[in-house]
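Each chain, written out:
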Amino acid sequence: MDSAPEGLDPLVSLLGERLGRIGEVILVGSGKGGVGKSLVSSSLALALSDGGSRVGLLDLDLHGPAAARLMGVSGPLESWRGGVRPVESMGVEVMSLALAVGDLPVPVSGEGKGRLTLALMALTDWGDLDYLVVDLPPGTGDEVMIPVRHVESARALAVTTPSSLARDAVRRLLVLFRDQGVDILGIVENQAYVDCGGEVVSPLGRSFAEELAAEFGTRVLARIPLDPAIGRAVDEGIHPLRRSGALADAVGAVAGEVLGRR
Amino acid sequence: MHEWSLAQGLVASLHSFAEREGLRRITLVEVSVGELMELDVPVFRDAFETLTRGGPADSAELRIVEEPARFRCRRCGAEWTFAEVEEQIHRGVPEDLMVREPGGELESPLHIFPDLVPAFVRCPRCGGRDFEVLAGRDMRVSRLEGER
């Protein structure tokens, strides 16, 4: 036998070895930007960790990483023979390109973007984890397709807001998940309502979360209110889960679903 | 230092390939390595030799072929080589972003993530960051020889 083999990629094989030490991968996506994916994914990672699980948080938003800031971690990274070490914060192992580039822009596109996504997934040495929560960027590009392609039995959470624009984008992502065989855990509606002294109002508009859930045979797992404590916590460098009881309650319900269905 | 994890991925892919193709032994592995990776070849060879022991690629010849890196600016059309931006690659990374190795040495994040190059390197002609890596970015298995 003598050949130039097709489909033989050391990074893909390395990723397979890493995934063998991770109990479950949970993809948190939306399709839409600015709906709170990083808030939900980092809060879920913290809630699972608080419950005693070994948890990693991987930020795959290459162009606008936010998870590192929310988790209060910064570079530089450390490497060793096993790969690149994630940075621990509040019990959660965090990896994000923000740790490698700081505030610099990352104008990668095309093949480079796919290879960078794969490298970030394959070269991070998570060790043994119960859960790896993956914060996906908006859209359905390489950063979404690489984990969908290479992580068998991943489960997904879709984050939306009360808006027909968000509904359309989330629906596209859910169609993709469904067609690629990704199990949809449920839908989280962020910025869902405001509690004005007992009166619940929805300033962003009508909710489409239940309609989406029904269409894709899943459930709305939580509705997170607009809570000024969330924004204040971010500005103060404190994770919002530690400051907003409403967020903690909502994410607690999501974590319960994750734990219950494993 | 992450050469060990790259070798781990390579060896895992060889094992899968040997099993899939029914190979008893792999005798030659030729790997094309992008110049941008700045692979530490002795460390990679050492890792490969250690990690292949006892498996189908045990004692296989490892041939490493470096692929020169080439770049093309999408804004002004300039093309350049690794040597023309080597100074940027080695000195353009702020010290607080240099990756720490166990012995305290520092290495560029580009050594681990070569595709991050537009974050740290700019076109030598126009200074833009919108450029293509035409060649020499990553590692590929370019040739295998074995016995059934």
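Residues numbered from 1 in each chain as written. Chains lettered and ligands numbered in written order. Predicted model: local features only at pLDDT ≥ 70, side-chain atom pairs only at ≥ 80, totals over all residues. Heavy atoms only, no water.

Chemist: Run through the sheet that holds strand β7 (residues 131–135) of chain B, naming residues and quoting values.
Modeler: Residue and element names in this part refer to chain B. Judged by pairing direction, the sheet is antiparallel, and its three strands sit side by side in the order β4-β3-β7 without closing on themselves. Sheet topology places β4 (79–81) and β7 at the edges, where each strand pairs with a single neighbour. Across this sheet, the average inter-strand angle for adjacent strands is 25°, counted without regard to direction. Bridge analysis of strand β3 (residues 70–73) against β7 gives four bridges, and the strand direction is antiparallel. Its bridge partner lying in β7, Arg70 is registered against Ala135. Where helix α3 (residues 82–91) meets the sheet, it contacts β3 and β4, and its direction lies at approximately 70° from that of β4. (Pairing = 2+ DSSP bridges. Helix = DSSP H or I, 4+ residues; strand = E, 2+ residues; numbered from the N terminus. Axes fitted to C-alpha atoms, helices over the stretch in contact; angles between N-to-C directions. Contact = heavy atoms within 4.5 Å.)

Chemist: Provide a residue-level description of the packing of aromatic side chains, including the pertinent values.
Modeler: Remark: the centre distance and the inter-plane angle together describe each pair of aromatic rings, the angle taken between the planes. Scanning the model with the defined rule gives three aromatic pairs over all chains in all. Centre to centre, the rings of Phe71(B) and Trp80(B) are 5.7 Å apart; their planes meet at 15°, and the pair counts as stacked. For the pair formed by Phe71(B) and Trp80(B), the shared burial category is buried. Trp80(B) gets classed as buried once you look at its relative accessible area, which sits at 3%. Here Arg81(A) stacks its cationic end above the ring of Trp4(B), 3.7 Å away from the centre of that ring. The aromatic ring of Phe208(A) is capped on one face by Arg167(A), whose charged end is 4.4 Å from the ring centroid. (Phe/Tyr/Trp six-rings, centres within 6.5 Å; stacked < 30°, edge-to-face > 60°. Buried < 20%, exposed > 50% of the residue type's maximum accessible area, 1.4 Å probe, protein only. Lys NZ or Arg CZ within 6 Å of the ring centre and 35° of its normal.)

Chemist: Go over the interface of chain A and chain B, please, and point to the residues and values.
Modeler: With 42 residues of chain A in contact, the opposing surface of chain B contributes 42 residues. Across the interface of chain A and chain B, roughly 3600 Å² is buried in total on both sides, 65% from carbon and sulfur atoms. In this assembly, chain A and chain B are joined by two salt bridges. We note a salt bridge from Asp138(B) to Arg115(A), for which the minimum N-O separation is 2.9 Å. (Buried area = accessible area lost by both parts, 1.4 Å probe. Salt bridge = Lys/Arg side-chain N within 4 Å of Asp/Glu carboxyl O.)

Chemist: Explain the confidence of the model for chain B to me, and be specific about the residues and the numbers.
Modeler: For chain B, per-residue confidence averages 94 on the pLDDT scale, and 99% of positions sit at 70 or higher. What the predictor reports for the complex is a pTM of 0.94 with an ipTM of 0.93. (pLDDT = per-residue confidence, 0-100.)

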